Amino acid sequence: MSFVVVQALTGLADAASLFLVAVGLSLVFGVSRIVNFAHGSFYMLGAYAAYSASAAVGGGLLGFVAGAATATAALAGLGLVVEVGLLRRLYAAPELLQLVATFAVVLLVQDLALAVWGPEDLLLPRVPALSEPIIVLGHRLPLYDFVLIALGPLVLAGLWLLLSRTRWGILIRAATEDREMVAALGIDQRWLFTSVFCLGAALAGLGGAIHLPREPANLMMDLGIIAEAFVVVVVGGMGSMAGAYLAAVLIAELRAFGIVLFPEITLVLLFAVMAVILVVRPYGLLGRPDVAGPQPSSFDPHPASAARQGLRLAIVAGLVGLVAVPLFAGGFTLQVMSEIFIFALFAASLQFILGIGGMISFGHAAYFGLGAYGAALAVHHLNASMPLALIAAPLVGGLGALVYGWFCVRLSGVYMAMLTLAFAQITWSVAFQWYDFTGGDNGILGVWPAPWAASPSAFYYLSLAVVTIAIWLLRRISAAPFGFALRAGRDAGDRAEALGVDVRRQRWLAFSVAGAAAATGGGLYAFLKGSVFPDVLAIPMSVDGLVMVLLGGIDRALGPLVGAATFTGLKITISSATDLWRSLLGGIIIAVVLIFPRGILGTVGGQRRGGAK
Amino acid sequence: MITRRDALVLALALNVAALGWPGFAARGEAAEPIRIGELNSYTTFPAFTVPYRNGWQMALDEINAAGGVLGRQIEVVSKDDGGKPADAVTVANELVSRDGAVLLFGTLLSNVGLAVADFAAQRKVPFIAAEPLTDSIVWEKGNAYTFRLRPGTYVQAAMLAEEAARLPAKRWATVAPNYEYGKSAVEAFKTLLSRARPDVEWVGEQWPALNKIDAGATVQALAALQPDAIFNVTFGTDLAKFVREGENRGLFENRVVASMLSGEPDWIDPLGAEAPEGWIVTGYPWYAIETPEHTAFRQAYMQRFQDYPRLGSVVGYTTMKAAAQAIEKAGSTDAEAIVQALRGMSMMSPLGQIEFRSVDQQSTMGTFVGTLTVQEEKPRMVDWRFGDGAAYLPDAAETAKLRASE
Amino acid sequence: MSLLVVEGLRKAFGGVRAVDGISFRVEAGESVAIIGSNGAGKTTCFNMLCGQLKPDAGRIMLAGRDIAGLSPHRIWRRGLSRTFQVAATFRSMRVRENVQLALLSHRRRTHGLWRPVVGLPAAEADALLAQVGLAARAEQPVAALPYADRKRLEVAMALANAPRLLLLDEPTAGVAAGERRALMDLISDLVRTRNIGVLFTEHDMDVVFGHGERVIVLHEGRLVAEGPPEAIRADPIVREIYLGTGEQTC
Ligand SMILES: Nc1ncnc2c1ncn2[C@@H]1O[C@H](COP(=O)(O)OP(=O)(O)O)[C@@H](O)[C@H]1O
Ligand SMILES: [Mg+2]
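This is a predicted model, so every value here is computed, not measured.

Conventions used here
- Residues numbered from 1 in each chain as written.
- Chains lettered and ligands numbered in written order.
- Predicted model: local features only at pLDDT ≥ 70, side-chain atom pairs only at ≥ 80, totals over all residues.
- Heavy atoms only, no water.
- Helix = DSSP H or I, 4+ residues; strand = E, 2+ residues; numbered from the N terminus.
- Buried < 20%, exposed > 50% of the residue type's maximum accessible area, 1.4 Å probe, protein only.
- Areas by Shrake-Rupley, 256 points an atom, 1.4 Å probe, with all protein chains shown as cover.
- Contact = heavy atoms within 4.5 Å.
- Buried area = accessible area lost by both parts, 1.4 Å probe.
- Salt bridge = Lys/Arg side-chain N within 4 Å of Asp/Glu carboxyl O.
- Polar contact = N/O pair within 3.5 Å; in protein donor to acceptor, adjacent residues only side chain to side chain.
- Near = heavy atom within 4 Å.
- Nonpolar A, V, L, I, M, F, W, Y, C, P; charged D, E, K, R; others polar.
- Pairing = 2+ DSSP bridges.
- Axes fitted to C-alpha atoms, helices over the stretch in contact; angles between N-to-C directions.
- Donors = N, O, S within 2.8 Å, 3.2 Å for Na, K, Ca; no water.
- Domains from an automatic or database assignment.
- pLDDT = per-residue confidence, 0-100.

**Considering the overall build of chain C**
Right, so step 1: On a plain count of helices and strands, chain C comes out with 9 helices and 10 strands.
Right, so step 2: The proportion of buried residues among the 250 residues of chain C is 56%.
Right, so step 3: Total accessible area on chain C is roughly 10,200 Å²; 50% of this is exposed by carbon and sulfur atoms.

**Quick word on the interface of chain C and chain A**
Right, so step 1: The interface is formed by 34 residues belonging to chain C together with 36 residues belonging to chain A.
Right, so step 2: Counting the surface chain C buries against chain A, the share from its top three residues, C:R91, C:S92 and C:W114, is 20%.
Right, so step 3: Residues A:R495 and C:E154 are paired through a salt bridge, measuring 2.5 Å at the closest nitrogen-oxygen approach.
Right, so step 4: Where chain C meets chain A, there are 15 residue pairs in polar contact (both at pLDDT 80 or more).
Right, so step 5: Contributions of two or more residues to the side of chain C that touches chain A are made by helix 2 (72-77), strand 6 (80-83), helix 3 (95-106) and helix 5 (147-158) of chain C.

**Side note on the interface of chain A and chain B**
Right, so step 1: Residue-level contacts link 77 residues of chain A with 67 residues of chain B.
Right, so step 2: Here chain A and chain B share an interface that buries about 6,700 Å² over both sides, 60% of which is from carbon and sulfur atoms.
Right, so step 3: Contact with chain B buries area across many residues of chain A, yet A:R126, A:R140 and A:F332 alone supply 11% of it, more than any other trio.
Right, so step 4: On inspection of chain A and its partner chain B, the count reaches 4 salt bridges.
Right, so step 5: The residue B:R249 makes a salt bridge to A:D145 at a minimum N-O spacing of 2.4 Å.

**Looking at the environment of A:W434**
Right, so step 1: Topologically, A:W434 is positioned in the loop between helix 17 (413-433) and helix 18 (435-438).
Right, so step 2: Considering only alpha carbons, one finds A:W434 and A:A492, 58 residues apart in sequence, at a separation of 43 Å.

**Some remarks on the site of ligand 1**
All names here are of chain C.
Right, so step 1: Every residue lining ligand 1 is accounted for by F13, V16, A18, S37, N38, G39, A40, G41, K42, T43 and T44.
Right, so step 2: A distance of 2.7 Å separates an oxygen atom of ligand 1 from a polar backbone atom of G39.
Right, so step 3: Burial of ligand 1 by the surrounding chains reaches 59%, relative to a free accessible area of 560 Å².
Right, so step 4: Elements supplying a minimum of two residues to the shell around ligand 1: strand 2 (16-26) and helix 1 (42-49).
Right, so step 5: At 3 residues, helix 1 tops the list of elements feeding residues into the shell around ligand 1.
Right, so step 6: Grouping the constituent residues of the shell around ligand 1 by class yields 4 nonpolar, 6 polar and 1 charged.

**Considering the pattern of salt bridges**
Right, so step 1: Summed over all chains, the structure comprises 51 salt bridges over all chains.
Right, so step 2: The partner of A:R255 in a salt bridge is B:D214, with the nearest N and O atoms 3.4 Å apart. Pair noted here: A:R255 is in helix 11 (residues 241-261) and B:D214 is in the loop between strand 7 (201-206) and helix 7 (215-224), and the two residues belong to different chains. Residues A:R255 and B:D214 agree in their burial class; the two are buried.
Right, so step 3: Among the charged side chains, a network of salt bridges with common partners joins A:D14, A:D145, A:R214, B:E245 and B:R249.

**What to know about the side chain of B:R249**
Right, so step 1: Along the chain, B:R249 turns up in the loop between helix 8 (237-248) and strand 9 (256-263).
Right, so step 2: Setting aside anything within four residues of it in sequence, one finds B:R249 in contact with A:T10, A:R140, A:L141, A:P142, A:D145, A:R214, B:G216, B:V219 and B:Q220.

**What to know about the sheet that holds strand 2 of chain C**
Residue and element names in this part refer to chain C.
Right, so step 1: Across the sheet, 4 strands lie side by side as 2-1-4-5; this open sheet has antiparallel pairing. Bordering the open sheet on either side are strand 2 and strand 5 (65-66), each of which pairs with just one other strand.
Right, so step 2: The sheet contact formed by strand 1 (residues 4-13) and strand 4 (residues 57-62) spans 5 bridges and is antiparallel. Each residue of the ladder has a partner; that of V6, found in strand 4, is I60.
Right, so step 3: Seen against the sheet, helix 1 touches strand 1, strand 2 and strand 4 and runs at an angle of roughly 115° to strand 1.

**Some words on the coordination of the magnesium ion (ligand 2)**
Right, so step 1: Protein coordination at the magnesium ion (ligand 2): the donors are C:T43 (OG1) and C:Q85 (OE1), at 1.9 to 2.3 Å from the metal. Within this pair, whereas C:T43 is found in helix 1, its partner C:Q85 is found in the loop between strand 6 and helix 3, the two being separated by 42 residues in sequence.

**Remarks on the domain arrangement of chain B**
Quoted interface sizes are often the accessible area lost when the parts come together.
All names here are of chain B.
Right, so step 1: Along its sequence, chain B is carved into domain 1 (29-151 + 290-366) and domain 2 (154-287 + 368-392).
Right, so step 2: Contacts between the two partners involve 30 residues from domain 1 and, on the opposite side, 25 residues from domain 2.
Right, so step 3: Between domain 1 and domain 2, roughly 2,200 Å² of surface is buried when both sides are summed, and carbon and sulfur atoms account for 64% of that area.
Right, so step 4: When the buried surface of domain 1 facing domain 2 is broken down by residue, F45, Y308 and G366 rank first, second and third, together holding 20% of it.
Right, so step 5: On the surface where domain 1 and domain 2 come into contact, there are 1 salt bridge.
Right, so step 6: The closest approach of N and O atoms between R150 and E264, which form a salt bridge, is 2.7 Å.
Right, so step 7: Linking domain 1 to domain 2 there are 11 residue pairs in polar contact (both at pLDDT 80 or more).
Right, so step 8: Mapped onto the side of domain 1 that touches domain 2, the elements with two or more residues apiece are helix 2 (46-65), helix 4 (110-123), helix 10 (292-305) and helix 11 (311-330).
Right, so step 9: If you tally residues by element for the side of domain 1 that touches domain 2, the top one is helix 10, at 4 residues.

**Things to note about unusual backbone geometry**
All names here are of chain B.
Right, so step 1: Look at K124: it is not a glycine, yet its phi comes out positive at around 55°.
Right, so step 2: Inspection of the secondary structure assignment puts K124 in the loop between helix 4 and strand 4 (127-129).
Right, so step 3: A relative accessible area of 48% means that K124 is categorised as partly exposed.
Right, so step 4: The residue L261 is not glycine, and still its phi comes out positive at about 65°.
Right, so step 5: Considering the arrangement of structural elements, one finds L261 in strand 9.
Right, so step 6: Exposure remark for L261: the relative accessible area of 3% places this residue in the buried category.

**Observations concerning the domain arrangement of chain C**
Residues and elements named next belong to chain C.
Right, so step 1: For chain C, the assigned domains are domain 1 (1-79 + 163-250) and domain 2 (89-160).
Right, so step 2: Interface area, domain 1 with domain 2, both sides summed: about 1,400 Å², of which 61% is carbon and sulfur.
Right, so step 3: Between domain 1 and domain 2 we count 0 salt bridges in total.
Right, so step 4: Across the domain 1-domain 2 interface, the total number found is 3 residue pairs in polar contact (both at pLDDT 80 or more).
Right, so step 5: Of all the secondary-structure elements, those providing two or more residues to the side of domain 1 that touches domain 2 are helix 2, strand 7 (165-169) and helix 6 (177-194).
Right, so step 6: Ranked by the residues each element gives to the side of domain 1 that touches domain 2, the list is headed by helix 6, at 6 residues.
Right, so step 7: Class assignment of the residues belonging to the side of domain 1 that touches domain 2 gives a composition of 11 nonpolar, 1 polar and 5 charged.

**Focus: the confidence of the model for chain B**
Right, so step 1: In the predicted model, chain B carries a mean pLDDT of 90, and 92% of its residues have values of at least 70.
Right, so step 2: Low confidence marks residues 19-29 of chain B, where pLDDT is under 50. Its contacts with residues over four positions away, or in another chain, come to 23 contacts.

**Focus on the arrangement of the chains**
Right, so step 1: There are 2 pairs of chains in contact here, and the one with the most contacts is chains A and B.
Right, so step 2: Regarding chain B and chain C, which are not in contact, the minimum distance between any of their C-alpha atoms is 12 Å.

This is the structure:
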């Protein structure tokens, strides 16, 4: 019994940092509707800033307090820079651009932190005043845990006072509940958004600083906390501060007791709880659907039209050209091009739901990865031949998409994006922790192609053929009644419903088709690499897919292929030439988002010809 | 939706993709250096890998200064594997397919090492795994092209178990990262200690995800088991968090901890004066090893880098030397010849004479076991002894069985 | 049997009783107008009839079967079609494609994966477009249409399932005063030739009294008067709460 109490107290203490990060994320979302991936980076920078400041003051309790204060102030400043320099330009943009733009900030901050603080973990020397033991029911807990336990509710109360007793706070709440009204009152929204973002960043910085006595500042803090903070925000209800606290405590307690009851599946537990809560309450524990308000516009769509005769010829000529490549290219080049084809299919399947369906998936890697695992597991556990394994891939991925999609398509906009992310994370954590079946992070090795497909050129032809057929099918579906009905649901959902289109079902099926297509690519990917690891299911893989789609141009038929070729080409040439691959990728994303939101093709091609002939 | 210009841009992009990668080095000319590929977790585990890189660079310079091998200089193409097996496989492929590496060495995490070993077998490239500790890399999942330098979990656990068996402690709990290395270390330690002390009782296990330990909760969960002793396998960030919360909560008071690798400066020095005293650890007391070969190595290293060597430095240095000696002995850069040369090859290392056993391609490098303490604010091992790997590894017959079971 | 029978229909949003227990009927071939000031509950009522909102209480019988609470696409299949207060069309498609989609849906072919839409019921789509006077614009992207034409297009789409009952939510809102009559005449013609029941809301009293055979007056969610246009025009309650405000008529 006493153990339960002490473990619960530890959970409460763990919740503090998580709450500070999540509540800022939630506030920012409530006001500006931006889901800020970089919030975890602010947390990490907060920890580093606190470390440096503390060291400068000479450590000890004074150093710790000075560190926390510095971190809070410094991150408020950084928040200002990011908001004014980047996000301010994106409030009217489609959510997708906002999401990837903030992810670009994550990449930039990673390199920045590495450059400034170096790769080593920085452990704050013990602060004896904070480690003072307190005896609870015969167990020893450090004083600092109680500080943290108190801090959460204190910050919550402070925020509550700020929001309910100050003019600024009342405006913030009004903006959360009804943006038009605030705009109508003639309030300068820009100032409001900036100040909220700074507050959120400052809270994240403080969150990092107060975590420092328990964990050395390190380069893995950002992505580590952001996934959990998303869980907290989504479970608590986007925009709800009390919800964030409740969810932070829930998650922290879940972990504290999870490690006792299920020490080996703690991660699965976390995301599974999130999924269950979202299925039962799609807007979180304390969230309200109307808070979502009108979603920002999706991409401005263009009239659909089929490829013209002359262009068909050009495409056939292009294919013939690709067929000739193995005559003069070396093995490595062929491998890289196979990879490009595979990613082109991945991107094309994402473009299918994104462009035509208007659905944002931030977890598309789930289906790519399910395909890869489907193929690999078929080989590993069933001794399947390569063709059989390649058939298993779309079945597994399609089935996964059918199941997850059923829940996801009930939501739209960022809510859907978050739910897809949650499902991808569940799949990732299962692959990561189900050691006996998936090999955990040992992955599944020895998934090499059959002898007839083992040479780089044979594999090249195989991927070219499979990918060409799959993309062609996707195009065909887009131009068929199914694609039109899907597009109708995107353009005007109520209108489509009132014309007999079951929009949700249409979206659901499209989501599943896309999942199967992505999984087809995943199956090939497993054989290309000869192995599968949980990374194929992870957030960066999903982001890569989105970046490829955006790079190529979201509404261009050849966009996925151009995007995949450019992205993979850049990654391979540049990542071996410099260590700054992440900064470069971040820079590319920001450039695309700010300057070329229509992608390479949309930009180079200029204003596309109108719908009329 | 497709315009002519779209098609043009695509053609361009694919051209860039197809032709953008140079580097099919013409091989075979005498003046050309021999290319060796190296990969390790430079950004994820710098504490170990940066000294390791210093080590192999020092060896490389020594080799090239002495005229290289086979009359050619050696060039090492080094890459970051990001601490991820997926990235490692990609990088290994680049090293072999694009850069023309005739041999691969490196890797730190066990799962990364296993992935590269599988790749090496498929592509028939010799691979010397420098650091990965899981023994399946040379036993259950061993293959003809993969060699390993460091003593694996079995040897390390055997040395710790030998010490642990002398203790009165009966109730043991374990804490280990939930992946290959943690799993195999716990398994080996449990087997060996139970064999030596059938009266030992295993009261519970904690499996924090690598780099994601919930230290406070984990410590309390361990304390609740009321063990007499704890076997720890966590390292890196996890170790720092575990030690701090353990001290805060009094977990280590009146308890023995046997801990893998925690005497290695690579992992323990970041803790400074907060290093847990009294732990029984395997490690590397560089400050106290006074054999001629080690003293020479230490001197050269400190002179060159103005820093003391970590165990990674020894590993990097020795691996590079092994690679060069194997090529020299093979008389060519042919993969099969190098593999043949490595089997049974013996050589000198800063820790004494070692041999790559031909039965499992594991080197007989040993390690040190002792008690952790803090002297002048620094973690130090005392009462240590050296255990030769050859003495702790299973014998040839038993090993052959382990390897055959694959 | 009446085409549409509504009984005790209710809907509240939080504390606001948007529709507060209303009952009425519409006969086949009849044209009924619903009037009421802004916020009276007209759109909410429509949204319940077509399934977009679930009623809190009440029955909605379409040709003798209860459709209350069914989803919009099911109700559409039962022969109830509608237009929206703010014209809703598929902005990424051409004019003809909008109608093609409605026709495809009517034939339950929206799951077709293979044959491209291009050639599918194109002739029929053109016939519907001709009926609303948009034949010449069939190839244009919807985005290029003037607003009044989009309202016409919506009517063509709404007719694609040969509906029994047509709901028109402010069909002339946003249409220039001069064009309103033409649009309503068009609708009246279509309705007469096809024997469809029509329920429409409207603020323009000329339109209401010119095209409604019967008028229903809503006020704060309640039905306060019902009758032929002349009677409604004369009703003192109506004059006070609705016409009396004057401003709504323009
Ligand atoms: N989705 C909604 N949420 C909350 N209140 C609503 C909603 N829709 C309508 N209302 C309210 O219901 C009442 C009736 O609105 P509505 O049916 O649009 O009126 P009308 O179409 O007659 O102008 C109004 O007070 C309006 O504010
Ligand atoms: Mg209305």
